[in-house]
Amino acid sequence: AFKPRIGHIVQRAQDAFNARHDRLTQLLNGPSFHERVSRAIDRMLSAAANPQSAAAEASSPRQLPCSVLALDVDRFKQVNDTHGHLYGDLTLHALAYCLSDFCKEASKASGVQLTAARPSGEEFLVLIEGTYDTSAAVEIADQLRRRVVT
């Protein structure tokens, strides 16, 4: 009786993961990313409305300002047309791995929280929580660009 319950729990967890993530890249899907952005905006609005609590929570990168980066793979249609959809899928998977790895490393190193998503096609988004000015987001975007190019 114990073993079937474990299997059921594992299946439910897998179904929940699949509902929130892109199947090809394992990154958050569009609706899950938009939900995450909405929560970040709600936290910012709440902090603006209640400055005393915002000051107390300023040490948490998930509590204050955020930025969103949008990435698009140049000439991706040409990759698919020339090399086939399997190669295109491998390209998207490799880019997603690079993006996910960068987000983990940058989150650890910088104290901000980065979350990557693939809402559709060759488009990717990154939520940066805890950026207090645009120059910090621009620097993160430039670091990501350099990582992807190499």
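For the structure, check the block above.
The rules behind these values
- Residues numbered from 1 in each chain as written.
- Predicted model: local features only at pLDDT ≥ 70, side-chain atom pairs only at ≥ 80, totals over all residues.
- Heavy atoms only, no water.
- Helix = DSSP H or I, 4+ residues; strand = E, 2+ residues; numbered from the N terminus.
- Expected span 1.5 Å × (residues − 1).
- Buried < 20%, exposed > 50% of the residue type's maximum accessible area, 1.4 Å probe, protein only.
- Contact = heavy atoms within 4.5 Å.
- Pairing = 2+ DSSP bridges.

**Some words on helix α5 (residues 85-110)**
Moving on, step 1. Across its 26 residues, α5 extends 36 Å between first and last C-alpha, which sits within 8% of the 38 Å expected from 1.5 Å per residue.
Moving on, step 2. Along α5, the residues that are buried comprise Gly88, Leu92, Leu95, Ala96, Cys98, Leu99, Phe102, Cys103, Ala106 and Ser107.
Moving on, step 3. Packed against the buried residues of α5 are β1 (66-72), α4 (76-83), β2 (113-120), β3 (123-129) and α6 (134-149).
Moving on, step 4. Gly111 sits one or two positions beyond α5 and adopts a positive phi of about 80 degrees.

**Topic: unusual backbone geometry**
Moving on, step 1. One non-glycine residue, Gln26, adopts positive backbone phi at about 70 degrees.
Moving on, step 2. For Gln26, the position within the fold is in the loop between α1 (2-20) and α2 (30-49).
Moving on, step 3. Phi angles above zero are rare outside glycine, and Arg75 is one such case at about 55 degrees.
Moving on, step 4. Here Arg75 lies in the loop between β1 and α4.
Moving on, step 5. Look at Arg75 and you get exposed, because its relative accessible area is 62%.

**Considerations on the pairing of β2**
Moving on, step 1. Pairing of β2 with β3, which is carried by six bridges, proceeds in the antiparallel orientation. Directly across from Leu114, in β3, lies its bridge partner Ile128.

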